[in-house]
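# Examination of the molecular architecture
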Amino acid sequence: MDGLFVFEGFIKSTTMTIVSEIGDKTFFLAALMAMQHPRKLVLAGALGALVVMTLLSTFFGWAAPNLISRKLTHNLATILFFGFGLRSLWDGFMEEDGDSSELAAVQSELADNEKKRKVASTNADDDLKKQGRQLLTQFFSPILLETFSLTFFGEWGDRSQVATIGLAAEESVVGVALGGFLGHAVCTIAAVWGGKHLASHISEKTVAFCGGIVFLIFGIHSLLAGINNHS
């Protein structure tokens, strides 16, 4: 039974992560960064950030039932799944065909970061920050660090992070963590090796509909299953 519990959490987490991350901000970020920098460094930085975020999210989800009642945690998770499902379907209906708004937003953010980097490199008053960067770059590639930080902060508070917390509160923490790792790996590898060509051919409308259906299925299952008594 425990094995089935872990497997169920794994499948749910993998599915949820893939439908949430395909066409998301961090997906486009990895795709665009990989066009300008070595793919291995971009992949390592992005996956490192997503693994850390998944571990934090599953920890928060595991801790939630220990801080508040399991019934309240279950009800909040159910509402969360229905809310994300309806929101995704609404976004799908409202989304217009054409260029991806997420892709355009990431391109603009990367351009702004490049401008700031050039300004900072010509500013002699930033000695302390430069020393800190030099210390880090002795051990890690600047590209890896940039990809890690942009991905981590781009993912913080994102729908997939909140949904992972909800799943970890309901399902096996191990299964949810492993599913999150696999889902993020699939999406990030596809983004890094698919590049902008793949990113520009993703329909945000289709992704939103698929994500909405998956979240509604999770919500219905959570509603019918009742409070999970597994520890």
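## Notes on the nonpolar core
In this structure, Leu29, Val42, Val106, Leu110 and Val192 are the most contacted members of the largest nonpolar core, which totals 17 residues. Secondary-structure elements contributing two or more residues to this core are helix 2 (25–36), helix 3 (39–67), helix 5 (101–121), helix 7 (142–155) and helix 9 (173–200). It is helix 2 that contributes the most residues to this core, eight residues altogether. If we ignore the near neighbours within four places in the chain, the residues touching Leu29 are Val106, Leu110, Leu150 and Thr151.

## As for empty space enclosed by the protein
Here the idea is plain: a probe the size of a water molecule rolls over the atoms and shows the empty space left. Taken as a whole, this structure holds two cavities of 30 Å³ or more when the rule is applied. When its volume is computed, the largest cavity comes out at roughly 60 Å³. Lining of the largest cavity is provided by Glu21, Thr26, Phe27, Ala30, Ala46, Leu50, Thr151, His184, Cys187 and Thr188. Only helix 2, helix 3 and helix 9 provide two or more residues apiece to the lining of the largest cavity. Its residues assigned to classes, the lining of the largest cavity comprises five nonpolar, four polar and one charged. In this structure, the second largest cavity encloses a volume near 40 Å³. Residues that form the lining of the second largest cavity fall into these classes: one nonpolar, six polar and one charged.

## Observations regarding helix 7
In this model helix 7 runs 20 Å from its N-terminal to its C-terminal C-alpha over 14 residues, within 8% of the 20 Å that 1.5 Å per residue would give. The distance from a side-chain oxygen at the start of helix 7 to the backbone nitrogen of Ile143 is 3.2 Å, and the residue carrying that oxygen is Ser141. Positive phi appears at Gly157, one or two residues downstream of helix 7, with a value of about 80°.

## A word on the packing of helix 2 against helix 7
At a closest axis distance of 10 Å, the pairing of helix 2 and helix 7 adopts a crossing angle of 165°. In terms of orientation, helix 2 lies roughly antiparallel with respect to helix 7. Two packed elements cross with a definite hand, and for helix 2 against helix 7 that hand is right-handed. For the pair formed by helix 2 and helix 7, the contact residues are Thr26, Leu29 and Met33 on the first element and Ile143, Glu146, Thr147, Leu150, Thr151, Gly154 and Glu155 on the second. Classifying every residue of the contact of helix 2 with helix 7 gives four nonpolar, four polar and two charged.

## A short note on the environment of Cys210
You can see Cys210 is positioned in helix 10 (residues 204–225). The exposure class of Cys210 is partly exposed, given its relative accessible area of 40%. The spacing of Cys210 and Leu89 is 121 residues in sequence and 8.3 Å in space, taken between C-alpha atoms.

## Overview of the confidence of the model for the protein chain
Averaged over all residues, the pLDDT of the protein chain equals 79, while 77% of them reach at least 70. Confidence, read as mean pLDDT per element, is least for helix 6 (residues 127–137) in the protein chain (50) and greatest for helix 3 (91).

## A short note on the side chain of Thr58
Turning to its location among the elements, Thr58 is positioned in helix 3. At 3.0 Å, the side chain of Thr58 forms a polar contact with the backbone oxygen of Leu55. Apart from the residues lying within four places of it in its own chain, the contact partners of Thr58 are Thr164, Ala168, Val173, Val176 and Ala177.

## Regarding the pattern of salt bridges
In this structure the tally under the stated criterion is three salt bridges. Across the pair Glu8 and Lys12 runs a salt bridge, and its minimum N-O distance is 3.6 Å. In this pair, Glu8 and Lys12 both sit in helix 1 (residues 2–21), four residues apart, roughly one turn of the helix. Take Glu8: its relative accessible area is 28%, and that puts it in the partly exposed class. The residue Arg87 makes a salt bridge to Asp91 at a minimum N-O spacing of 3.2 Å. Residue Arg87 and its partner Asp91 are located together in helix 4 (residues 70–94), separated by four residues, close to a single helical turn. Residue classification places Arg87 among the exposed residues on the basis of a relative accessible area of 52%. The network of salt bridges with common partners includes Glu8, Lys12 and Glu171.

Conventions adopted
Every chain begins its residue count from 1, and numbering advances along the sequence as written. In keeping with the predicted nature of the model, local features appear solely for residues at pLDDT of at least 70, side-chain atom pairs appear and are counted solely at 80 or more, and the whole-chain, interface and lining totals rest on all residues. Side-chain metrics rest on all non-hydrogen atoms present in the structure, leaving aside hydrogens and water. Only buried Ala, Val, Leu, Ile, Met, Phe, Trp, Tyr and Cys residues count toward a nonpolar core, and they belong to the same one when joined by side-chain atoms within 4.5 Å. Exposure categories follow from relative accessible area, calculated using a 1.4 Å probe and restricted to protein chains: below 20% of the type maximum is buried, above 50% is exposed, and the middle band is partly exposed. Put simply, DSSP H or I for four residues or longer makes a helix, DSSP E for two residues or longer makes a strand, and each gets a number counted from the N terminus. The criterion used for residue contact is that any of the two residues' heavy atoms lie within 4.5 Å. In the cavity and pocket records, a cavity denotes points on a 1 Å grid over the protein atoms alone where a 1.4 Å probe fits but cannot get out, a pocket denotes an open set with protein on both sides within 12 Å along at least 5 of 7 lines, and lining residues are residues with an atom within 4 Å of a point. Grid points are joined across faces, edges and corners, and a volume is the space filled by probe spheres set on the points. When residues are grouped by polarity, Ala, Val, Leu, Ile, Met, Phe, Trp, Tyr, Cys and Pro land in nonpolar, Asp, Glu, Lys and Arg in charged, and all others, Gly among them, in polar. A helix is expected to span 1.5 Å multiplied by its residue count minus one. Pairing of N or O atoms within 3.5 Å defines a polar contact, subject to two protein rules: one partner must be a possible hydrogen donor and the other a possible acceptor, and residues neighboring in sequence count only if both atoms are side-chain atoms. The angle between two axes is taken between their N-to-C directions and runs from 0 to 180 degrees, where each axis is a line fitted to C-alpha atoms and a helix contributes only its stretch in contact. Each angle is binned into one of four classes, with values under 35 degrees roughly parallel, values over 145 roughly antiparallel, values of 65 to 115 roughly perpendicular, and all other values oblique. When the near helix sits turned anticlockwise from the far one by under a right angle, the crossing is termed left-handed; a clockwise turn instead gives a right-handed crossing. Confidence scores labelled pLDDT are given residue by residue by the predictor and lie between 0 and 100. Between Lys or Arg on one side and Asp or Glu on the other, a salt bridge is scored when a side-chain nitrogen of the former is within 4 Å of a carboxyl oxygen of the latter.

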